[in-house]
Amino acid sequence: MKLRWVFSVALGVVLGLVARNAPARADSINHCIDSCFSTWGSDQEELRQECLNQCRNAPNYGAIAYAEHNGAYGFSYHYHSAAEANQHALSDCLAKGADCKVVISFSETCAALAAGDNGRFAASRGDGRGEAQSNALTACSRNGGKHCGIKTWTCARD
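Residues numbered from 1 in each chain as written. Predicted model: local features only at pLDDT ≥ 70, side-chain atom pairs only at ≥ 80, totals over all residues. Heavy atoms only, no water.

This prediction gives the protein chain a mean pLDDT of 79; 66% of its residues lie at or above 70. Under a pLDDT of 50 for its full length, residues 1-25 has, in the predicted model, 28 contacts with residues more than four places off or in other chains. (pLDDT = per-residue confidence, 0-100. Contact = heavy atoms within 4.5 Å.)

Here we come to the state of the cysteines. One pass over the full model with this rule turns up 3 disulfides. In this model Cys-110 forms its disulfide with Cys-155; the gap between the sulfur atoms is 1.9 Å. Here the disulfide of Cys-110 and Cys-155 is right-handed, its torsion about the S-S bond being about 100 degrees. Taken together, the residues Cys-110 in strand β4 (residues 109-115) and Cys-155 in strand β6 (residues 149-156) connect sequence positions 45 residues apart. For Cys-110, a relative accessible area of 0% gives the class buried. (Disulfide = S-S within 2.5 Å. Helix = DSSP H or I, 4+ residues; strand = E, 2+ residues; numbered from the N terminus. Buried < 20%, exposed > 50% of the residue type's maximum accessible area, 1.4 Å probe, protein only.)

Positive phi, close to 60 degrees, is recorded for His-78, a residue that is not glycine. Residue position: His-78 is located in strand β2 (residues 73-79). The backbone of Glu-108 shows a phi angle near 55 degrees, a positive value even though the residue is not glycine. Take Glu-108: it is sitting in the loop between β3 (101-107) and β4. Accessibility expressed as a relative area gives 35% for Glu-108, which makes it partly exposed.

Pairing in this open sheet of 3 strands is antiparallel, and the strands run β5-β4-β6 from one edge to the other. Two strands in the sheet have a free side with no partner beyond their single neighbour: β5 (121-126) and β6. If you compare each strand with its neighbour and ignore which way they point, the axes differ by 15 degrees on average. Pairing of β4 with β6 involves 7 bridges; the strand directions are antiparallel. Opposite Ala-115, over in β6, you have Gly-149 as the bridge partner. (Pairing = 2+ DSSP bridges. Axes fitted to C-alpha atoms, helices over the stretch in contact; angles between N-to-C directions.)

So, about the packing of aromatic side chains. How two aromatic rings sit relative to each other is given by the distance of their centres and the angle of their planes. Scanning the model with the defined rule gives 2 aromatic pairs in all. With a centroid separation of 4.9 Å and an interplanar angle of 55 degrees, the aromatic rings of Tyr-66 and Phe-121 are classed as tilted. Of this pair, Tyr-66 sits in strand β1 (residues 61-66) while Phe-121 sits in strand β5; the two residues are 55 residues apart in sequence, bridging distant segments of the chain. (Phe/Tyr/Trp six-rings, centres within 6.5 Å; stacked < 30°, edge-to-face > 60°.)

Before going further, it helps to examine the nonpolar core. Of all hydrophobic cores here, the largest spans 9 residues; its members are Ile-64, Tyr-66, Ile-104, Phe-106, Ala-111, Leu-113, Ala-115, Phe-121 and Ala-156. Here the element with the most residues in this core is β4; it accounts for 3 residues. Apart from the residues within four sequence positions on either side, Tyr-66 is in contact with Gly-71, Ala-72, Tyr-73, Cys-93, Asp-99, Cys-100, Lys-101, Val-103, Leu-113, Ala-115, Phe-121 and Lys-151. (Core = buried A, V, L, I, M, F, W, Y, C linked by side-chain atoms within 4.5 Å.)

Right, let's talk about the environment of Leu-94 for a bit. With respect to the secondary-structure elements, Leu-94 resides in helix α4 (residues 82-94). A relative accessible area of 48% places Leu-94 in the partly exposed class. Discounting residues that sit within four places of it in the chain, Leu-94 has contacts with Asp-99 and Cys-100.

Pairing is antiparallel across the open sheet formed by 3 strands, whose spatial order is β2-β1-β3. Either end of the sheet is taken by a strand with one partner, and the two such strands are β2 and β3. Strand-to-strand twist across the sheet, computed as the mean angle between neighbouring axes with direction ignored, equals 10 degrees. Both β1 and β3 contribute to a ladder of 6 bridges, which runs antiparallel. Considered in β3, the bridge of Ala-63 is made with Ser-105. Contacting β1, β2 and β3, α4 crosses the sheet at an angle of about 150 degrees to β2.

Written out as structure tokens, the structure is:
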């Protein structure tokens with residue numbers, strides 16, 4: 001009976017968050033709530049409120065991973081820790097090729113990866129998609145990149 005109540009509360013919280021937030025943000029909050037439920041004590045009302053407070057206020061992290069030699073890339077967004085964001089970006093990249101490395105990690109902003117046709121690349125942050133892409137293209141050219149183009153971009157913020 002107690003488990004059913006906990007499940008009902010969690011489901012209600014999740015459904016309320018899904019209705020108010022974008023799907024990616026809701027998935028991130030759902031993951032946060034699941035993690036929270038597994039770490040708190042037995043007072044269910046206190047647990048519910050603490051999980052809600054913790055997950056609503058948690059920062060969003062993202063990352064971009066890249067493999068220079070084959071051009072594979074991966075990205076992540078809306079994670080509640082830099083480690084989770086980095087791991088997801090690496091996994092996403094490794095599914096497309098080997099030797100991936102995280103080239104940029106960020107929180108509450110956007111980032112982009114630009115690469116030239118001569119193997120040079122750069123990753124940069126920006127307040128939005130356009131700024132991140134512009135910054136990455138500029139940095140790629142400064143790094144000696146020829147004919148730099150955007151490989152990927154992502155944002156991690158509320």
